[in-house]
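# An overview of the molecular structure
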Amino acid sequence: MYMGRAVISHDGIVTSVSRERIKVEILSESACSSCHARGLCGASEEKVKTVDVRVLPGETLPSAGDRVTVGLRRSLGLGAVALSYAVPVLILMVSIVSLSALGLSEWIVGAAAIACVGLYYLVLFLLKNRIAGKYEFQILKTDKLND
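Below: a short report on this structure. Counting restarts for each chain: residues are numbered from 1 in the order of the written sequence. Given that this is a predicted model, residues contribute local features only at a pLDDT of at least 70 and side-chain atom pairs are listed and counted only at 80 or more, while totals for whole chains, interfaces and linings are drawn from all residues. Based on all heavy atoms of the structure, the side-chain values leave hydrogens and waters out of the count.

## Remarks on the overall build of the protein
Selection criterion: Only DSSP runs of H or I with at least four residues qualify as helices, and only runs of E with at least two residues qualify as strands; both kinds are numbered from the N terminus onward. To sort residues, take the accessible area from a 1.4 Å probe on protein chains only and compare it with the maximum for the residue type: under 20% means buried, over 50% means exposed, and anything in between is partly exposed. Any two residues whose heavy atoms approach within 4.5 Å are treated as being in contact.
The secondary structure content of the protein amounts to four helices and five strands. Each helix and strand of the protein, ordered N terminal to C terminal, gives the series β-β-α-β-β-α-α-α-β. The buried share of the protein, reckoned over its 147 residues, is 22%. Of the contacts formed within the protein by residues at least 6 apart in sequence, a portion of 72% connects residues at least 24 apart.

## With respect to the nonpolar core
Rule in force here: By nonpolar core we mean a set of buried residues, namely Ala, Val, Leu, Ile, Met, Phe, Trp, Tyr and Cys, connected to one another through side-chain atoms within 4.5 Å.
Ranked by internal contacts, the top residues of the largest apolar core, which has 13 residues, are I22, V24, V53, V68, V70, F137 and I139. When contributions to this core are tallied by element, the ones reaching two or more residues are strand 2 (21–29), strand 3 (46–54) and strand 4 (67–73). Among residues more than four places away in sequence, those in contact with V24 are G12, I13, V14, T15, K49, T50, V51, V53, V68 and V70.

## Points about a nonpolar patch on the surface
Keep this limit in mind: Put simply, a patch holds well-exposed residues, over 30% relative accessible area, that have no salt bridge, with like charges counted together within 9 Å and Val, Leu, Ile, Met, Phe, Trp or Tyr side chains within 5 Å. Methods summary: accessible areas were calculated by the Shrake-Rupley approach with a probe of 1.4 Å, and residue burial reflects only the protein chains presented. By convention in these notes, a salt bridge is any Lys or Arg side-chain nitrogen within 4 Å of a carboxyl oxygen on Asp or Glu.
Taken together, the side chains of L119, L122, V123, F125, L126 and L127 make up a nonpolar region of the molecular surface, amounting to roughly 580 Å² of accessible area. Structurally, L119 can be placed in helix 3 (residues 106–126). Given a relative accessible area of 51%, L119 falls into the exposed group.

## Some remarks on the packing of helix 2 (residues 74–101) against helix 3
The cut-off we apply is this: Every angle, taken between N-to-C directions, lies between 0 and 180 degrees, and every axis is a line fitted to C-alpha atoms, over only the stretch in contact when it is a helix. Working definition: roughly parallel below 35 degrees, roughly antiparallel above 145 degrees, roughly perpendicular at 65 to 115 degrees, and oblique for all remaining angles. Definitions for this section: a left-handed crossing has its near helix turned counterclockwise from the far helix by less than a right angle. A right-handed crossing has that turn clockwise.
At a closest axis distance of 9 Å, the pairing of helix 2 and helix 3 adopts a crossing angle of 150°. As judged from the angle between their axes, helix 2 and helix 3 are roughly antiparallel. Considering only the axes of helix 2 and helix 3, their crossing is right-handed. Side by side, helix 2 and helix 3 meet where L83, S84, V87, P88, I91, L92, S95, I96, L99 and S100 of the first sit next to V109, A112, A113, I114, C116, V117, Y120, Y121 and L124 of the second.

As structure tokens, this is what we get:
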């Protein structure tokens, strides 16, 4: 458990429980979802996402329908942001600068830079199972509703 460490947490509802995994449905909200005018502007975004939580040995299992708080260490969240956004932007910039320095035409530079980023995302896709193992949520708190 992550007690005492900086965590990113979300409240959710348990949808199913097995010996190995607990499925938790969380509501992912955009930053402006709490604004009173969100219904008018259409920029707010809310999505229901299902998170798989690995059952730890000796952990008390919640029941389907229980409210839980799931968490992920903040450092892992920042690492995911780096893999998703920072590294591709860096690849794009390095590709553009280095290929432009070679004197290639702009459309070739642009196409090659996009291809480099596409190749990066392909590698991430191929390694997704390996990467996903590092980014596991844990249950931080359970509010039993069935008691």
